[in-house]
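Okay, here's what each chain looks like letter by letter:
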Amino acid sequence: MIQRIPSPSVQARTAGFAGHRSRPYFACLQVLMLLTFLLGSASAATVRAYLQPDHSQTGGSVKYVITVQNGTVQSVPQLRLPTQVRMNSGIQVSRSAVGNSVGIQFVWDVTGTEPGEFVIPPQDVVVNGEVVKTNEVRLVVSEAAPADAAADDANLPLLQIEVGKTEVYQGEVVPISASLFVPRNVVALRRVGLIDVNKSDFAIPRFPQQAETSDTVINGVAYSVITYRSTLSALHAGDLKVGPATSELVFDVYTQDTQTQMRRNLPLPFGLGMGASETRKHVVKSQEVKMKVLPLPTEGKPASFSGAVGDFSITATATPNELSVGDPLAVDITIDGTGNFEALNPPSLVPPDGWKAYPPRRYNVDGIIDPNAPPSSQRRIGYAMIFVPEKVQTELPPFELSFFSPTQKKYISARTSPIALRIKPGTLAAATASSEGSGGSAEAPKPPPVLQPKPQISDILMNVPAKARWLDTAIATAPLTSSSRFWAIQSIPAALVILASLVSWFRRRRDESTQGLRGELQQLWHGLEESSLSDRDFLQRAAHFIHRSQPGGVKDEELRQILSRYETQSFTATPANEQALGPAERSRILSTLAPLLKRAVMVAAAFVMLSASAGAAELTPDESYQKAREAMEKGKYTDAQYLGETLTKRQPPALSSAVFSIIGNARYRQEDLGRAALWYQRAQLLEPLNAEVRQNLRHVDDKLRFFRYTESSPLAEVSLLLPKNTWIIAASVGVWIILLALVRYILGASRGTGGGISSVIFSIVGLFVFIPSATFATIRPAPADRVKDVMVVTSRDVRAYTAATVTSGDVIVIPPGSQVRLLEKRGAWSYVEIPRSEENLRGWIETATYTPLWPWDTNLLP
């Protein structure tokens, strides 16, 4: 048992109490109470920490409390929190007393920034001169809707996304909406940035500018709701997440003072104008939406299925109903419904025997789609097709469209009804029939040839080389026949080229030394070194040298003495005893001026070094290219597009077919097919034989059916497969083979059969190399002629008109990716030529709808 001995002061107080009371039992009671009090006051201080409440949602505020009982706190605790928990307010201190116990509380408002369970570590509190640790506490934070996440700040707008369905099939089109909740105390919403959603797992078209507005109240706060609508479709199956979506906002809110005065109904000194609001920039971030994406079944998949997912119906009409064999039949097919229309292929004729089909043209039945309007779930597209009957038939067979229906959860092959026709025999068919009737011994018809399966390309290739091959923009590419260096290599020794280079280098160094302030000072210095100068001329040139090298004023005493000597010599009467400048005096003046010349040379050299270092700080083209490749691999298509296009805008530009392919792939992934076709066409200009570029361009062409210029002859198209310089080199190799064969024949000691035959064989080989190479080098179109005034339409639903106004007559609808040739430009309209297989058309289109095919120097083209 531990006995506590009271202090002397306590003993004195106890004796006093006993002296005033006569009853012994009462004195004992007082002593017992006093000892109890002292035992309570001398007990150890208790420190405890807790959360109130111990769970919240992201962005929600809870109170973190530290209580100290029976102790004196010497300093305010320094709060230590995990990175996922932040402090919202300063410390609040309160005191309380329960019986004989006196306590103190420290309270903070804290918020969890992301979902999870987080441990707030023990805090150090100095009590009664000793460091005491609190207990650790756990905060459980769950995900919250945006409306609750920012409820603690009524000035911040909120963003929330909603998806029409959370369990979908791969490729199924589902509506998605992004709702922006703007508090009423926001004075003005100045700008709403692009709503960006991660597109690595989903294809999401750009949210249009048009939006729906409404009002709502959440947790007692009034909001104006701005809703933007678009669609999404999953690129692959699995448990995926949509979002979060982000958007940068610029808006005005009332200042804190203004809000306080408005709540108190106090008059504002300047009204609601000057100083009543402030501008903020804030990036809103939505929540994530979990989706379960089911793969398309393999059972029952039709052979003609192209990846279309949705619910469609198909109808067909044909005109005329009476025709002859060999006459064209115009067929219009309409597809109506909801789903992924971009994955639809033209319906096929079942069976196609006896009909010759021409490439179809796709169009929107309801007219041009406004890109700024919200997408409609119900659409109608059409295909205009031409068929030519090859024999007499009674009807046009049905057209078949295969797709997967997410509502019925199975594959469907929809067919049109057969169209009755009256087809009369044509001239060719009648002649064939009469010959068969008169001969009597007609051969049996041959079976139809077996056709190879046609490729069904449903996506682009993403393969690009690890290292880009850059165009040399410092020297424009020109044919070797126009290069004197080429003929010098053929005829003149390389020593002349080296000698010319040395002479050019020395001349350039001499010219550089005579330019600028450095050159001027060197010329003045050479003038001072002339021995035939008079004293007046020498001093005049020395003074000029000093003034040019010291533009801010002369402070050196020796230089001032030279200037004073010059002024005395030139502007005052020369005293009789004035001594002439001797060689020693002139040498002293020159040695005084020599450091000024050296200083000018050092400044010029330092400027060159600074310019070189400033240029080296920028990323090299190879480094930027690698960053663009990494961005594509991570699904950051906007970043990859920006990095690639930044390379093409450098001075000089960094151009490469690989860079163009990356930009085209990024544009395609962002569903900008017109600009994807533009960059693929640019890549093909540099590397016509690139297999990935050719396949991607063919795939985009299958989707858009754009118009392109073709060469005038097949030989011209073959000549474009290699650069002109390559053809010239090949032709020169053929000439050298022929010459060597001729030398072998002349110098051969023997005229036997073997030597002559070998010479003839080599000569024939040389001719086979020379003649095609020289022909292709001659007929190959010049680079400037291939791209001169050629533009590529990049906008959707571009229409050519007969005049520079939308109220004029129509010419043709131009698909994105089509090439046109600019003939005349008049303000916002351009008069263009449109390539067609039959005959080129002409019309007026809006200038903002196209981009030059090659905006750089045409001499850079191979």
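Located above this text is the structure these notes cover.
Residues numbered from 1 in each chain as written. Predicted model: local features only at pLDDT ≥ 70, side-chain atom pairs only at ≥ 80, totals over all residues. Heavy atoms only, no water.

Chemist: It is not clear to me how the packing of helix H12 (residues 621–633) against helix H13 (residues 637–648) should be interpreted in this structure. Could you clarify?
Modeler: Relative to each other, H12 and H13 sit at 160°, their axes nearing to 8 Å. Regarding the angle of H12 to H13, the classification is roughly antiparallel. The two elements H12 and H13 meet at a crossing, and its hand is left-handed. Judged by residue contacts, Pro621, Ser624, Tyr625, Lys627, Ala628, Ala631 and Met632 of H12 engage Tyr637, Asp639, Ala640, Leu643 and Leu647 from H13. Along the lines of polarity and charge, the residues of the contact of H12 with H13 split into nine nonpolar, one polar and two charged. (Axes fitted to C-alpha atoms, helices over the stretch in contact; angles between N-to-C directions. Helix = DSSP H or I, 4+ residues; strand = E, 2+ residues; numbered from the N terminus. Parallel < 35°, antiparallel > 145°, perpendicular 65-115°, else oblique. Left-handed = near helix turned anticlockwise from the far one by under 90°. Contact = heavy atoms within 4.5 Å. Nonpolar A, V, L, I, M, F, W, Y, C, P; charged D, E, K, R; others polar.)

Chemist: Where do I start with the packing of aromatic side chains in this structure?
Modeler: Here the distance between the centres and the angle between the planes together describe a pair of aromatic rings. A complete count under the given rule lists 15 aromatic pairs for this structure. Centre to centre, the rings of tyrosine 64 and tryptophan 108 are 6.0 Å apart; their planes meet at 40°, and the pair counts as tilted. On the criterion of sequence distance, the pair formed by tyrosine 64 in strand E3 (residues 61–69) and tryptophan 108 in strand E6 (residues 101–112) is long-range, its members being 44 residues apart. You can call tyrosine 64 buried: its relative accessible area is 0%. A centroid spacing of 6.5 Å and a plane angle of 50° characterise the contact between tryptophan 679 and tryptophan 856, whose relative ring orientation is tilted. Of this pair, tryptophan 679 sits in helix H15 (residues 673–686) while tryptophan 856 sits in the segment after strand E40 (850–852), placing them 177 residues apart in sequence. Accessibility expressed as a relative area gives 6% for tryptophan 679, which makes it buried. Taken together, Tyr169, Phe305, Phe404 and Tyr411 form an aromatic cluster joined through their ring pairs. Between arginine 379 and the ring centre of phenylalanine 341, over which it is positioned, the NZ or CZ distance is 4.9 Å. (Phe/Tyr/Trp six-rings, centres within 6.5 Å; stacked < 30°, edge-to-face > 60°. Buried < 20%, exposed > 50% of the residue type's maximum accessible area, 1.4 Å probe, protein only. Lys NZ or Arg CZ within 6 Å of the ring centre and 35° of its normal.)

Chemist: Honestly, the sheet that holds strand E30 (residues 399–405) in this entry has me stumped. Any pointers?
Modeler: Sheets are built from strands paired through backbone hydrogen bonds, the pairs being either parallel or antiparallel. Taken in spatial order, the three strands line up as E25-E30-E31 in an open sheet, and their pairing is antiparallel. In this open sheet, the two strands that pair with only one neighbour each are strand E25 (348–349) and strand E31 (410–415). (Pairing = 2+ DSSP bridges.)

Chemist: Would you mind going over the sheet that holds strand E12 (residues 167–169) with me for this structure?
Modeler: In spatial order, the strands read E12-E21-E18; together these three strands make up an open sheet with mixed pairing. A single partner strand is all that each edge strand has here, and the edge strands are E12 and strand E18 (238–242). The average undirected angle you get between the axes of adjacent strands in this sheet is 35°. As defined by bridge partners, E18 adjoins strand E21 (residues 289–294) across five bridges and the pair is classed as antiparallel. Bridge assignment links leucine 240 to a residue of E21, and that residue is methionine 291.

Chemist: Even after reading the chapter, I still don't get the pattern of salt bridges, so can you show me in this structure?
Modeler: Note that side chains of opposite charge can pair when their charged atoms are close. Per the counting criterion, the structure on display carries 17 salt bridges. Of the charged contacts in the structure, one is a salt bridge between aspartate 810 and arginine 799, with a shortest N-O distance of 3.5 Å. With aspartate 810 in strand E36 (residues 810–814) and arginine 799 in strand E35 (residues 798–801), the pair connects residues that are eleven residues apart, well separated along the chain. Here aspartate 810 falls in the partly exposed class, since its relative accessible area comes to 48%. By relative accessible area, arginine 799 is classed as partly exposed at 24%. Here the salt bridges share partners, and the residues they tie into one network are Glu645, Arg667, Asp672 and Arg675. (Salt bridge = Lys/Arg side-chain N within 4 Å of Asp/Glu carboxyl O.)

Chemist: Even after reading the chapter, I still don't get the packing of H12 against helix H14 (residues 657–669), so can you show me in this structure?
Modeler: Relative orientation and spacing of two packed helices are given, respectively, by the angle between their axes and the distance between those axes. The N-to-C vectors of H12 and H14 enclose an angle of 30°; their axes lie 11 Å apart at closest approach. Judged on the interaxial angle alone, H14 and H12 are roughly parallel. Crossing handedness for the pair H12 and H14: left-handed. Here H12 contributes Tyr625, Ala628, Arg629 and Met632 to the contact with H14, which in turn contributes Ala658, Val659, Ile662, Asn665 and Ala666. Partitioning the contact of H12 with H14 into residue classes produces seven nonpolar, one polar and one charged.

Chemist: Got a minute to help me understand the environment of arginine 280 in this structure?
Modeler: Relative to the helices and strands, arginine 280 resides in strand E20 (residues 277–285). A relative accessible area of 27% places arginine 280 in the partly exposed class. Separated by 30 residues in sequence, arginine 280 and valine 250 have C-alpha atoms that sit 5.8 Å apart.

Chemist: I tried to follow the environment of arginine 379 on my own but got confused; where do I start?
Modeler: Within the secondary structure, arginine 379 is located in strand E28 (residues 379–389). Residue arginine 379 is classed as partly exposed on the basis of its relative accessible area of 22%. Measuring from C-alpha to C-alpha, the distance between arginine 379 and phenylalanine 341 comes to 8.3 Å, with 38 residues separating the pair along the chain. Only 3.3 Å separates the side chain of arginine 379 from the side chain of asparagine 364, close enough to count as a polar contact. (Polar contact = N/O pair within 3.5 Å; in protein donor to acceptor, adjacent residues only side chain to side chain.)

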